[in-house]
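Architecture and fold: a report
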Amino acid sequence: MRSFVFERAADLPQAVKLGAGTRQGQTDAPAQFLAGGTTLIDLMKLEVLTPQRVVHLQSPGAPWSAIEVSPNGARLGAFAKMSTVADDARVLAQYPVIAQSLQLAASAQIRNMATLGGNVLQRTRCPYYRDPSWSACNKRVPGSGCAAIHGFNRNHAILGVDENCISQYPGDFAIALIALDARVELMGAEGTRLIPFASLHTGVQSQPHIETTLKPGEIIIAFHVPAGAWTRRSLYLKVRDRASYEFAIASAAVALSIEGEEVREARIGLGGMAYRPWRSQEAENILIGNPLTESSAAAAAAAALKSAIGHGHNDYKPELARRTIVRALLEAKALQLSSGAS
Amino acid sequence: MRDAENLFGIPTSRIDGVDKVTGAARYASDEPVVNPAYGYFVTSTIARGRISAFKLDRAKAVRGVLDILTYQNVGNEAAPPVGPDGGPTTTTLESDRIWHDGQIIAVVVAETYEAAREAANRVEVVYVEEKPSASFDSPGVESVPHKPQKSPDPKKGDAAGAFAAAAVKFEARYSTPTQHHNPIELFTATCAWDGPKLTVYEPSQFMWGTKNSVAARLRVNPEQVRAVSRYIGGAFGSKGPNPRTVWVAIAAKRVGRPVKLVPTRDQSFTIATYRAETRQHIKLGASADGKLTSLIHEGWEVTSRPSGYNVSGVESTARMYACPNIATAVNVVHADRNTPGYMRAPPETPYMFALESAMDELAYELKMDPVELRRVNDTQTDPVDGLPFSSRSLMQCFDQAAAKFGWRHRDARPGVMRDGEWLIGFGCATACYPSNLGPAAVRVSLTPDGKATVGLAGHEIGTGAYTLVAISTARSLGLHVDDVTVHMGDSDLPPIMVAGGSNNAASAANVVVKACDELKQRIAKAAVDAADSPLRGADADKLTLTDGKLLGPSGESEPLARAVSRTGHRIEAYAEYIPEGLPPSAVADMSKGNPLMLGGAGRKDVAAFAFGAHFVEVRVHSRTREIRVPRVVSAFAAGTIVNPKAAYSQFMGGAIWGLSSALLEETEMDEGSARYINDNLADYLIPVNADVPSVEIIMVPEKDERVNPLGIKGIGEIGIVGMNAAVANAVFHATGKRVRELPIRAEKLL
Ligand SMILES: Cc1cc2nc3c(=O)[nH]c(=O)nc-3n(C[C@H](O)[C@H](O)[C@H](O)COP(=O)(O)OP(=O)(O)OC[C@H]3O[C@@H](n4cnc5c(N)ncnc54)[C@H](O)[C@@H]3O)c2cc1C
């Protein structure tokens, strides 16, 4: 770990000021906010992140870690711990996909430390990114190349990649958020703003070292998840090598509203396979208005993976991803919901 | 044979358990030394080439840096290292040569760990890089037949002819991946000089080996070197004499104070040994009723450029089943890698995977129950040497484990057993491990208050060795385990064989019981000769030490305190145990760092092996193909069990590691650069609790009068053996898909 200046902000507005050096969406900015630290400290120890200034976002008080559920939707404070949200009875009942995406992530210890805000900003697990002794990594050292493309890439992305970077977005919670059309509440130098979660992370766009659309000093303060008929019939399916404490090799967040036999609404988020949190509206469109069957699920899965590109070790992923989507959809359809749900 | 049943078999908690869980147990890097400086390794970032220059200015500018060792300033201060096979091996600071990625090329010494690490980061190295060869298929590797270490590769009859003529033939190729031990305690070393005397605090599974190897490389008299390692946080074969320690010793000499070095986890993937990847080819010929007529087993193993190290597991696979025609061969493939080394059941883990998978495949070809195939080929005679097995309870293990597992509920057809969306598969396989023995020496003393003290340079590698020595002493002298103080992990104590090849329990127990018997003899002799003893005139050989008393054959007794006082304030015995078959000089040779082990397969009188059977249920999701193992039942017969409590854990830990080696563990490599990828515990997967919901162990009673005086076979390694095949066999049964390349992951079943 390299030396750095450690600062505690008295409140969020002061943190915004101290955090001006976080730059515009840049992964290795000279200033970093510290929340639970389970990504940041890890990467500082590996010397992947070498910030000169670390600004501690001390638990800034109830509104920022509160969980509110109303008929209009849920508001999840960005400083809530993963474990608190995963265990919340209202979230479990009305937004099971969110609770599951958190419950199935990391370990109990990490979930007790880590915050929702930090979680969505976790960095890729690409081994070439996480070890600075590899010289080629465009995400870590812009312009240096990508060692993963011709290297060991078993758990690298197949969607949204280009020749600059094939790293994968590793988180689970973000997949549920993007599927449910969540919005992110931000506090910055010019006050607060609300943006679609889908626009928080950027695509590769030839500059993999830029990962978000956050402005300098901007802090995530909450996630807003709109209510909908589909949120209760939802689940997060995570396929991984071991039974717990492991990232996905493929995952799907699905939410369905079914009336009679017909799918009225479908939401599909994909993890463990894409460069950024991924939603497949192509797949959703195939399902909407039709009965959900093995073959319509397969057609949706095929549409979702249409643009997939493998690089050798991850050539298995499109097939695994399709199966994951089909399984998730059929399991969601089979869910027995208590009265009043669709 | 000594009456081992009366001595052993009582489940006993570890005498060091409280110290371990409270943090009081001192591991090597916890040993306090005065005013230490801290070392940090600089390792190479290329796998092949030469160092053309070091740029050290920026590193030296870091405040607190005391010294930087490179080949340029210390290269000729140490004799070349010796590999795990006794031959040449990859070097570190001896020259400008880079043999492998992550090779130690410099040691930075500073006032603090942080300064040393910061400076190490600033060392710039200019390389002349050459294209490395990573593994089997890389251009530039060199494959040659291995040099058999002791005896020629097992061979008998005309295997090729018998295979050609066989009624049923089966042939396949298998492979096993690179794996790393990853003991939680890292490969630390602390060196402190006191004038000409050096103390090395370092986790070592061979105290006298570390002492001698450090002395030899420093070209000093072994008397000057002491190795201390009271507790070892996992070793699994990775913590013997090594190429690293001398540089820490040299650094300590140069800076004139102790140097402590704790490497990082990722460095530990390249500065120590590992299990090399193998490829294997098996041919089995059988008659229609399943009797083997031919076994041909050939292996290929990766090693470094200079080392011929290999594990040659055909030594064991050739001895598993009755078969009149056997041919085996082993090849080493030299690549630009560091030298591999022993890792839990080094030969059997990879080679039994191939044999036990092939046996399962043959059973399907024959439409036979795999358990029955083992039964028709079971034998009480070593098929290679024709010697009797000292004992072999393989089928008892199969039958007891099968009954507990519910094997009879198996539908033999692959892919038909289901629970909803999950496919269910049952699989089984044989476990085996040679019962090896080593020389050992010990000093035991007893005082009239009924307290015993035992000293030998044994190794607490986490197996419960302190407790085993305490049990052996207590039970021999009629004391409680709490009355025994055990000193180990110090080369100032009498030597014992390397804690490897699962020999240490048998070797230590035999030597301790021998010393205790001598104490008892002397106490008894004094009593029968004493005018004031109720045992006066009794036959000394018939007296026993029981419950704090010296007891005569017809019930007359004397308190231990009186009987011991008669011999003085403290009675002490020194004993050596040299297994029959080793030369009389074995203890003396070992003291010079030349350990001679009596291999279970190398004996003149018997073939000595422990056996076992694993049964596994796997579940594979019919769509997404995740593989889960809800339950395991494993049975083992391994002679006398000294401490059933520790043995249960040892067997269970082995079985879990076997499962891990089947499904999860692989050190992945970047082919082009011959560098490891997942060199950390987040990415190198091992099972978590959710992966092993149920593991049941059966200890099949076995009395072995021939293996050694106490009938103890080692149990440290057998648990892992064959488990990988049992899992693969179960996966086939669940899915109809045979995976011959470990690890088995979802993508291989899509
Ligand atoms: C071994 C391991 C296994 C894991 N497995 C999984 C898994 O299976 N699934 C999964 O989803 N995750 C997994 N994780 C990742 C883990 O969930 C994240 O590390 C964690 O959620 C990050 O939250 P934090 O509060 O600790 O963030 P920090 O480490 O404190 O911060 C992370 C980043 O976000 C920034 N940041 C934090 N809060 C804010 C904010 N409010 N506004 C703006 N910027 C902010 C920080 O500056 C930093 O750049 C794993 C992590 C580890 C170490």
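The model shown is predicted, which means the values in this text are computed figures rather than measured ones.

**A look at the overall build of chain A**
Secondary structure assignment for chain A yields 12 helices and 12 strands. In terms of overall dimensions, chain A is globule-like: its C-alpha atoms have a radius of gyration of 20 Å, near the 20 Å expected for 342 residues. Along the first, second and third principal axes, the C-alpha atoms of chain A reach 60 × 50 × 35 Å. With 342 residues in all, chain A has 57% of them scored as buried. When contacts within chain A are restricted to residue pairs at least 6 apart in sequence, long-range pairs at least 24 apart make up 65% of them. For chain A, the exposed area adds up to about 12900 Å²; of that, 52% sits on carbon and sulfur atoms.

**Here we look at the packing of helix α14 (residues 465–477) of chain B against helix α15 (residues 504–529) of chain B**
Residue and element names in this part refer to chain B. Axis separation between α14 and α15 bottoms out at 9 Å; the angle between their running directions is 30 degrees. The angle between α14 and α15 places the two elements in the roughly parallel class. The chirality of how α14 crosses α15 is right-handed. Of the residues in α15, those in contact with Leu468, Val469, Ser472, Thr473, Ser476 and Leu477 of α14 are Ala505, Ala508, Ala509, Val512, Val513, Cys516 and Leu519.

**Things to note about the site of the ligand**
Residue and element names in this part refer to chain A. Close to the ligand lie 33 residues, the nearest being Phe33, Gly37, Thr39, Thr115 and Asp172. A distance of 3.2 Å separates an oxygen atom of the ligand from a polar atom in the side chain of glutamine 122. One of the side-chain nitrogen or oxygen atoms of lysine 238 is found 2.9 Å away from an oxygen atom of the ligand. Where the shell around the ligand is concerned, the elements lending two or more residues are β2 (31–34), α2 (40–45), α8 (116–120) and β8 (219–226). In terms of residue class, the shell around the ligand is built from 16 nonpolar, 11 polar and 6 charged. Counting residues domain by domain, the shell around the ligand receives three or more from each of domain 1 (5–59) and domain 2 (234–334).

**Focus: the environment of B:Met597**
Residue and element names in this part refer to chain B. Within the secondary structure, methionine 597 sits in the loop between α17 (586–591) and β26 (609–621). The exposure class of methionine 597 is partly exposed, given its relative accessible area of 27%. Distance from methionine 597 to asparagine 503, taken between C-alpha atoms, is 8.4 Å for residues 94 residues apart in sequence. When neighbours within four sequence positions are excluded, methionine 597 is seen to be in contact with Asn436, Leu437, Met497, Gly500, Gly501, Asn503 and Leu582.

**Points about the interface of chain A and chain B**
Listed by partner, the interface residues are 34 residues for chain A and 33 residues for chain B. Across the chain A/chain B interface, buried area totals approximately 2800 Å², and carbon plus sulfur atoms make up 52% of it. Summed over the shared surface of chain A and chain B, the number is 4 salt bridges. A salt bridge links B:Glu626 to A:Arg327; the shortest N-O distance between them is 3.1 Å. Summed over the shared surface of chain A and chain B, the result is 14 residue pairs in polar contact (both at pLDDT 80 or more). Counting residues per element, the ones that place at least two in the side of chain A that touches chain B are β9 (234–239) and α12 (317–334) of chain A. Broken down by element, the side of chain A that touches chain B gets its largest block of residues, 8 residues, from α12(A). Residue composition of the side of chain A that touches chain B, grouped by class: 14 nonpolar, 4 polar and 16 charged.

**With respect to the pairing of strand β10 (residues 250–259) of chain A**
On a regular strand, one side chain projects to one face of the sheet and the next to the other, so that they alternate. All names here are of chain A. Here β10 lies mainly inside the structure; 9 of its 10 residues are buried. Bridge count for β9 against β10 is 6 bridges, and the pairing is antiparallel. Bridging from a neighbouring strand, leucine 237 pairs with alanine 252 of β10. Pairing of β10 with strand β11 (residues 262–271), which is carried by 9 bridges, proceeds in the antiparallel orientation. The residue bridging serine 257 from the neighbouring strand is glutamate 265, located in β11. Where β10 folds back on β11, the antiparallel hairpin that results is connected by 2 residues, among which glycine 260 adopts a positive phi of roughly 60 degrees.

**Here's the deal with the confidence of the model for chain B**
For chain B, per-residue confidence averages 97 on the pLDDT scale, and 100% of positions sit at 70 or higher. Listed scores for the predicted complex are pTM 0.97 and ipTM 0.96.

**Thoughts on the layout of surface pockets**
Residue and element names in this part refer to chain B. Volume-wise, the second largest pocket comes out at about 700 Å³. The wall of the second largest pocket is formed by 25 residues, among which Pro177, Glu666, Glu671, Glu741 and Leu742 lie closest to the centre. Secondary-structure elements contributing two or more residues to the lining of the second largest pocket are β9 (168–176) and β14 (278–286). Classifying every residue of the lining of the second largest pocket gives 6 nonpolar, 8 polar and 11 charged.

**With respect to the side chain of B:His614**
Residues and elements named next belong to chain B. Mapped onto the fold, histidine 614 is located in strand β26. Taking the relative accessible area as the measure of exposure, histidine 614 reaches 0% and is therefore buried. For histidine 614, the side chain forms a polar contact with the side chain of serine 634, separated by 2.8 Å. Among the polar contacts listed, one links the side chain of histidine 614 to the backbone oxygen of glycine 719, at a separation of 3.3 Å.

**Side note on the nonpolar core**
Residue and element names in this part refer to chain B. Core analysis: the biggest nonpolar cluster contains 95 residues, and Leu362, Phe615, Val618, Leu663 and Ile744 have the highest contact counts within it. When residues in this core are grouped by element, the largest group, 9 residues, is from helix α11 (residues 348–366). Contact partners of isoleucine 744, with chain neighbours within four places excluded, come to Ile627, Ala662, Leu663, Ala728, Val731, Val739 and Leu749. Within the second largest apolar cluster, 66 residues are counted, among which are Ala509, Ala524, Ala586 and Leu710.

**Things to note about the pattern of salt bridges**
In this structure the tally under the stated criterion is 70 salt bridges over all chains. One salt bridge in this structure joins A:Arg53 and A:Glu7, with 2.6 Å as the shortest N-O distance. Note that A:Arg53 is positioned in strand β3 (residues 53–56) and A:Glu7 in strand β1 (residues 5–8), a separation of 46 residues in sequence. Residue A:Arg53 is classed as partly exposed on the basis of its relative accessible area of 34%. Between B:Glu277 and B:Arg337 there is a salt bridge, with the nearest N and O atoms lying 2.7 Å from each other. Of this pair, B:Glu277 sits in the loop between α9 (265–268) and β14 while B:Arg337 sits in the loop between β16 (326–334) and α11, and the two are 60 residues apart along the sequence. There is no split in this pair, since B:Glu277 and B:Arg337 are both buried. Connected through shared salt-bridge partners, A:Asp181, A:Glu265, A:Arg267, A:Arg279 and A:Glu284 make up one network.

**Observations concerning the pairing of β16(B)**
Residue and element names in this part refer to chain B. Burial runs high along β16: 7 of the 9 residues are buried. Of the strand pairs in this sheet, strand β7 (residues 142–145) and β16 are connected by 4 bridges, and their pairing is antiparallel. Along β16, the bridge assignment pairs proline 145 with asparagine 331. The pairing of strand β8 (residues 155–156) with β16 spans 2 bridges and is antiparallel. Residue pairing in the sheet places lysine 155 in a bridge with alanine 327 of β16. In the sheet, strand β15 (residues 292–303) pairs with β16 via 9 bridges, with the strands oriented parallel. In the strand pairing of β16, leucine 295 is matched with isoleucine 326.

**Section: the domain arrangement of chain A**
The assigned domain composition of chain A is domain 1 (5–59) and domain 2 (234–334). Each of domain 1 of chain A and domain 2 of chain A was reduced to a C-alpha centroid, and the two centroids are 35 Å apart.

**A few points about the state of the cysteines**
Residue and element names in this part refer to chain A. Enumeration according to the criterion identifies 0 disulfides over all chains in this entry. The closest cysteine sulfur to the non-disulfide-bonded cysteine 126 is located on cysteine 137, 5.9 Å from its own sulfur. Cysteine 146 carries a free sulfur, and the closest cysteine sulfur to it, the one in cysteine 165, is 5.8 Å from it.

**Observations regarding the sheet that holds strand β1 (residues 37–43) of chain B**
Residue and element names in this part refer to chain B. One open sheet accounts for 7 strands, arranged β3-β5-β1-β13-β10-β11-β12; its pairing is mixed. The open sheet has two edge strands, β3 (65–69) and β12 (225–228), and neither has a second partner. Pairs of neighbouring strands in the sheet enclose a mean axial angle of 20 degrees, with direction left out of account. When strand β11 (residues 197–201) meets β12, the two strands line up parallel, connected through 4 bridges.

About the criteria used
Residues numbered from 1 in each chain as written. Chains lettered and ligands numbered in written order. Predicted model: local features only at pLDDT ≥ 70, side-chain atom pairs only at ≥ 80, totals over all residues. Heavy atoms only, no water. Helix = DSSP H or I, 4+ residues; strand = E, 2+ residues; numbered from the N terminus. Rg over C-alpha atoms; globule rule 2.2 N^0.38 Å. Buried < 20%, exposed > 50% of the residue type's maximum accessible area, 1.4 Å probe, protein only. Contact = heavy atoms within 4.5 Å. Areas by Shrake-Rupley, 256 points an atom, 1.4 Å probe, with all protein chains shown as cover. Axes fitted to C-alpha atoms, helices over the stretch in contact; angles between N-to-C directions. Parallel < 35°, antiparallel > 145°, perpendicular 65-115°, else oblique. Left-handed = near helix turned anticlockwise from the far one by under 90°. Near = heavy atom within 4 Å. Polar contact = N/O pair within 3.5 Å; in protein donor to acceptor, adjacent residues only side chain to side chain. Nonpolar A, V, L, I, M, F, W, Y, C, P; charged D, E, K, R; others polar. Domains from an automatic or database assignment. Buried area = accessible area lost by both parts, 1.4 Å probe. Salt bridge = Lys/Arg side-chain N within 4 Å of Asp/Glu carboxyl O. Pairing = 2+ DSSP bridges. pLDDT = per-residue confidence, 0-100. 1 Å grid on protein atoms, 1.4 Å probe; cavity = no way out; pocket = protein on both sides within 12 Å on 5 of 7 lines; lining within 4 Å. Points joined across faces, edges and corners; volume = space filled by probe spheres on them. Core = buried A, V, L, I, M, F, W, Y, C linked by side-chain atoms within 4.5 Å. Disulfide = S-S within 2.5 Å.

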